[in-house]
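Structural overview for review
So the chains spell out like this:
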Amino acid sequence: MPENGGLRVDVGFYHLTRTPLEEALPALLGKTLDIGERALVRCPDATSVTALDTALWASRDPVWLPHGTAKMGHAARQPIWLTEGNDVPNGAKFLFRVNGAGDNDFSPFTRIFDLFDGRDPASVQRARQRWVALKAVGHTLVYWQQQERGWKKSG
């Protein structure tokens, strides 16, 4: 049974092969905001939060990604929240996990995006381990591989 009280959620594994996270994530977050959802981006550490914060403010497509971090405050108002913790202070239903950051309590979420660096063999191996573990507890899994333009669904 899934660790979130028996609820099964859709977990998409996003294999970054062409661009780094800082370039790929803005488009996914933009689509999230376009459909009226809030996002939580769970990072492995404070350095990653700072790097993504900078990247989102510099994004050109989409040009505006309103977001916040613990340093900025006002979490409840933020459509996108960047954190290194397991908090969900903005009520997000979409979780973006950077390289599997955080625990596997998906109870607040309806959709999970697990983004990992396909150019790093250790990151790929850890993603495979997460896949096996999440499949074993009954989540619906989908694998997406980055293409020259966009994503290709596989498996």
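Provided above is the structure to which this section pertains.
These numbers were taken from a predicted model, which means no experiment stands behind them.

About the thresholds
Counting restarts for each chain, with residues numbered from 1 along the sequence as it is written. It should be noted that, the model being predicted, local features are given only for residues of pLDDT at least 70 and side-chain atom pairs only at 80 or more, the latter also being counted only at that level, while totals for whole chains, interfaces and linings use all residues. Side-chain numbers come from the whole structure's heavy atoms, not from hydrogens or water. Whether two strands pair comes down to DSSP finding at least two bridges between them. Runs of E in the DSSP output that reach at least two residues are strands. Runs of H or I that reach at least four are helices, and both are numbered from the N terminus. Helix axes use the C-alpha atoms of the stretch in contact, all axes being lines fitted to C-alpha atoms, and the angles between their N-to-C directions lie in the range 0 to 180 degrees. The contact criterion used is simple: two residues touch if any of their non-hydrogen atoms lie within 4.5 Å. Buried residues are those whose accessible area, probed at 1.4 Å on protein chains only, stays under 20% of the maximum for their type, while exposed residues exceed 50% and partly exposed ones sit between those limits. In protein, a polar contact means a hydrogen-donor-capable atom and an acceptor-capable atom, both N or O and within 3.5 Å, with residues adjacent in sequence counting only if both atoms are side-chain atoms; elsewhere, any N or O pair within 3.5 Å suffices. We call Phe, Tyr and Trp rings a pair once their centres come within 6.5 Å, taking the six-membered ring for Trp, and we label the pair stacked below 30 degrees between planes, edge-to-face above 60, and tilted otherwise. We call a set of buried Ala, Val, Leu, Ile, Met, Phe, Trp, Tyr and Cys residues a nonpolar core when their side-chain atoms join them within 4.5 Å.

The strand order β3-β2-β4-β5-β1-β6-β7 describes an open sheet built from 7 strands, whose pairing is mixed. Two strands lie at the open edges of the sheet, namely β3 (80-83) and β7 (151-154), each paired on one side alone. Geometrically, the sheet is characterised by an average inter-axis angle of 20° between neighbouring strands, direction not taken into account. As judged from the 7 bridges shared by strand β1 (residues 10-16) and strand β5 (residues 111-117), these two strands associate in the parallel manner. Paired with G12 across the two strands is F113, which belongs to β5. Running at roughly 150° to β3, helix α2 (residues 46-58) makes contact with β2 (39-42), β3 and β4 (94-98) of the sheet. Lying on the sheet, helix α3 (residues 121-136) is in contact with β1, β4, β5 and β6 (140-146); it crosses β5 at an angle near 155°.

Attention now moves to the side chain of T69. Inspection of the secondary structure puts T69 in the loop between α2 and β3. The class for T69 is buried, based on a relative accessible area of 5%. When sequence neighbours within four positions are dropped, the list of residues in contact with T69 reads V49, D53, W81 and L82.

The topology assignment puts T83 in strand β3. Between the C-alpha atoms of T83 and T50, which are 33 residues apart in sequence, the distance is 9.5 Å. Sequence-distant contacts of T83, defined by excluding residues within four places in its chain, comprise L40, V41, R42, C43 and V49. For T83, the side chain forms a polar contact with the side chain of D87, separated by 2.7 Å.

Tracing the backbone through its elements, the reader meets Q78 in the loop between α2 and β3. When its relative accessible area of 13% is taken as the criterion, Q78 is described as buried. With 33 residues separating them along the chain, Q78 and R111 place their C-alpha atoms 18 Å apart. Setting aside residues no more than four positions away along its own chain, Q78 makes contact with R38, H67, G68, G73 and N90.

Quick look at the packing of aromatic side chains now. Enumeration according to the criterion identifies 7 aromatic pairs in this entry. Between the aromatic rings of Y14 and W151, the centroid separation amounts to 5.0 Å while the plane-to-plane angle is 85°, which identifies the pairing as edge-to-face. Taken together, the residues Y14 in strand β1 and W151 in strand β7 connect sequence positions 137 residues apart. The exposure class of Y14 is buried, given its relative accessible area of 4%. Overall, W151 belongs to the partly exposed group, its relative accessible area being 25%. Ring centres of W57 and W64 lie 5.6 Å apart, and the angle between their planes is 45°; on these two criteria the pair is classed as tilted.

One finds L25, L29, V41, L52, I80, F96 and L115 to be the most contacted residues of the largest nonpolar core, which totals 21 residues. Elements represented by at least two residues in this core include exactly β1, α1 (21-34), β2, α2, β3, β4 and β5. Here this core gets 5 residues from one element, more than from any other, and that element is α1. Once you skip the residues sitting within four places of it in the chain, V41 turns out to touch L25, L29, L52, I80, W81, L82, T83, F96 and V98.

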